[in-house]
Amino acid sequence: MPYVPHTPEDARAMLETVGVSSVEELFAEIPLALRPKSFDLPPGLSESDTRAKLEDMASRNNTALVSFLGAGFYDHYVPSAVDALTGRGEFYTAYTPYQPEASQGTLQAIFEYQTAVSRLLGMDCANASVYDGGTALCEAVMMAVRQTKRTKVLISETVNPIYRILVDTFTRNLHLSLVTVPHREGATDFAAMQAALDKETACVVVQNPNFFGRVQDASALFSAAKAVGAVSVLSAYPVLASVLKTPGAMGADVAVAEGQSLGLPLSFGGPYLGVMTCTKALVRQMPGRIVGRTEDSKGRTGYVLTLQAREQHIRRQKATSNICSNQALCALRSLAHLCLLGEEGLKRTALLSMENARYAAGKLTAIKGVSLLGQGPIGNEFAVTLPRAAQDVCLALIGRGLVPGFPLGRYYQGLENALLVCCTEKTSKRDIDILAAWLEDEL
C-alpha cells in the first residue's frame, strides 16, 4: 500500500492557509537554477519485484575478496548472539529514550556501555556515544578549546587522515589555528610536537596505534602538554586498548575511538559509533548526554539521562555541541559484543590480530624490494614500501581476488609506493601466504 501523507483536500487546505494557490507558487522564491531538474522516481514495484531488483544490485558487490584492508575499520568476528540480542523489540531503537519511567532497560544498557568503554580506555567518564570516531575527535578538540579558551590545535600527521580532514572542516570558520606536525617514517614526532607546544595551545592530538600501525607511548608528550595547560587528546583503537597502555594510563584528558571494531559489521560506511571518554575534570565539557545511575524515593536503583549540555535542553549559545545525537543501537551492539567476549576474549582477539600482523610483516619483507616503513612496535597493521606504485599493485591483485591493503599515497605525498597492510584474528596464515606469493609475482 503506498504511503500518501496528504490527500488532495489536505494539500489544498494547507495552501489556502498559507495564502498561495498552488505548490508551484509555494516554491516560487527558489530560483529556477536551484530547483531539481527532475526526480528519479520510477513506477512502484511489487514486493517480489523489489526484492529481485535489490538482490540483483547487491550481487554486483564483490564480497568474496580476501581483504587486508584496515585503515580505521576492521573485520573482526561478531558473535551471532549480538544480532539476536540487539534485534529484540525491547532494544531495537536507534535513539535514546527521554522517559526514564518507560525506558529503564535501554537506559541501563547505555549506562553499562559507558562503564565498559570507560574501563577499556582507562578513563573516568563516557557519554552515550556520538556519530563516529571522526566526529568524536572533532568534539574532543572543541572540548579543549572551550576548556582552555585557547585557539591553537596541535595534531600529528599520523592521526587518521579522514579524521584530520573532518577536524579541518569542522573548525574552518571558528578562527582556530590547526597545526599539523609531520610524521617521521610513519611515527608520531613527539619531539616536534613538544617543541610546538606553547601557552596558546589548546590541545595536542595523537593516535595510538597511529594510522601507520605504529604503537607509541604518548605519556611524555601529555605531561609536557599538562605543564603548559593544554588538553591531551588520544584517538585509540578499542580492541588493542585491551592489551596496550591505555589512554588513561598515558595521562590523556580525552580519549576517543571508532567503535566499529566492537561488534559492528563493515557495511559500506556505517552506521558506526563514536566512543567518547574523558577525565572527571572535563565531564561538563563533554557533548551529548550521559546516563547516570540513581535511586528513587524508595531506594530502588534507577537510570536517568543527566548532564545534557545540548541545545535542546539549555540556551543554544551555552550548548557544548549542536551535533550530539548518540548511536544507541550501535552502542548496545558494542556492549553486547564486549560482554560476550569478556576481558579474556577481547585480549585474545587483540593478541591474535597482532600475531598475524607480525607473521605477515615477516613474509612480505622477505620479498626482494619490500621493506618496512620505519622501525618500531606495531599493532595489527604495518606499512611497507614497495618497488612500484602501491595503487597499481592493489588494482592488479584486486583483479585476482585479493585486496592487499591501503595505498598510503592517497593521503601522504611522497609515499606513493607505501602500502598499509592489516590483519585481524580472522586472517589466516594461508591467506597471508597467498598474499606474499601474489605480491612477489606482481613485483
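Residues numbered from 1 in each chain as written. Predicted model: local features only at pLDDT ≥ 70, side-chain atom pairs only at ≥ 80, totals over all residues. Heavy atoms only, no water.

Draft legend 1. Layout of the overall build of the protein chain. When you go through the protein chain residue by residue, the secondary structure sums to 13 helices and 15 strands. Taking 22 Å as the expected radius of gyration for a compact globule of 443 residues, we find that the protein chain reaches 25 Å, a close match to that expectation. With the C-alpha coordinates aligned to their principal axes, the bounding extent of the protein chain is approximately 75 × 55 × 50 Å. Among the 443 residues that make up the protein chain, the fraction classed as buried is 48%. With the model as given, the accessible surface of the protein chain reaches about 22,500 Å², and the carbon-plus-sulfur share is 54%. Looking at the protein chain, you have 41 positive and 43 negative side-chain charges, and the mean spots of the two groups are 7 Å apart. (Helix = DSSP H or I, 4+ residues; strand = E, 2+ residues; numbered from the N terminus. Rg over C-alpha atoms; globule rule 2.2 N^0.38 Å. Buried < 20%, exposed > 50% of the residue type's maximum accessible area, 1.4 Å probe, protein only. Areas by Shrake-Rupley, 256 points an atom, 1.4 Å probe, with all protein chains shown as cover. Lys, Arg positive; Asp, Glu negative; His and termini not counted. Charge placed at Lys NZ, Arg CZ, Asp CG, Glu CD.)

Draft legend 2. Structural context of a nonpolar patch on the surface. A cluster of nonpolar residues, Val18, Val23, Leu26, Phe27, Ile30 and Leu34, forms a patch on the protein surface that exposes about 550 Å² of accessible area. Relative to the elements of secondary structure, Val23 occurs in helix H2 (residues 23–26). (Patch = residues over 30% accessible without salt bridge, like charges linked within 9 Å, V, L, I, M, F, W, Y side chains within 5 Å. Salt bridge = Lys/Arg side-chain N within 4 Å of Asp/Glu carboxyl O.)

Draft legend 3. Molecular detail of the domain arrangement of the protein chain. Looking at the assigned domains, one finds that the protein chain contains domain 1 (66–75 + 342–442) and domain 2 (80–337). Computed over C-alpha atoms, the centres of domain 1 and domain 2 are 28 Å apart. Contacts between domain 1 and domain 2 engage 28 residues on the former and 27 residues on the latter. Of the roughly 2,300 Å² buried at the junction of domain 1 and domain 2 (both faces included), carbon and sulfur atoms supply 69%. At the boundary of domain 1 with domain 2, the tally comes to zero salt bridges. Seen at the junction of domain 1 and domain 2, the total is six residue pairs in polar contact (both at pLDDT 80 or more). At the level of secondary structure, the elements contributing two or more residues to the side of domain 1 that touches domain 2 comprise helix H11 (328–365) and strand S12 (381–385). Top contributing element to the side of domain 1 that touches domain 2 by residue count: H11, with six residues. (Domains from an automatic or database assignment. Contact = heavy atoms within 4.5 Å. Buried area = accessible area lost by both parts, 1.4 Å probe. Polar contact = N/O pair within 3.5 Å; in protein donor to acceptor, adjacent residues only side chain to side chain.)

Draft legend 4. The arrangement of the pattern of salt bridges in detail. Per the stated rule, a full pass over the model turns up 15 salt bridges. When the shortest N-O distance is used, the salt bridge between Arg51 and Glu55 registers 3.1 Å. Of the two residues, Arg51 and Glu55 are both situated in helix H3 (residues 47–58); the distance of four residues between them amounts to about one turn of the helix. Ionic pairing is found between Lys363 and Asp433, a salt bridge with its closest N-O pair at 3.6 Å. Of this pair, Lys363 sits in helix H11 while Asp433 sits in helix H13 (residues 429–442); the two residues are 70 residues apart in sequence, bridging distant segments of the chain. For Lys363, a relative accessible area of 32% translates into the label partly exposed.

Draft legend 5. Structural detail: the sheet that holds strand S11 (residues 371–372). One open sheet holds the four strands; their spatial order is S11-S12-S15-S14, and the pairing between them is antiparallel. Two strands close off the open sheet at either side, each with one partner strand: S11 and strand S14 (406–407). Pairing of S12 with strand S15 (residues 418–422) involves five bridges; the strand directions are antiparallel. Counterpart to Thr385 in the pairing with S15 is Ala418. (Pairing = 2+ DSSP bridges.)

Draft legend 6. Fine view of the nonpolar core. By size, the foremost hydrophobic cluster in this structure holds 46 residues, and its most contacted members are Val204, Val206, Leu221 and Phe222. Secondary-structure elements contributing two or more residues to this core are helix H5 (104–121), helix H8 (190–196), strand S5 (201–208), helix H9 (219–227), strand S6 (231–236), strand S7 (254–258) and H11. For this core, the two domains that each supply at least three residues are domain 1 (66–75 + 342–442) and domain 2 (80–337). Counting 28 residues, the second largest nonpolar core, distinct from the first, contains Cys125, Val145, Val256 and Ile290. (Core = buried A, V, L, I, M, F, W, Y, C linked by side-chain atoms within 4.5 Å.)

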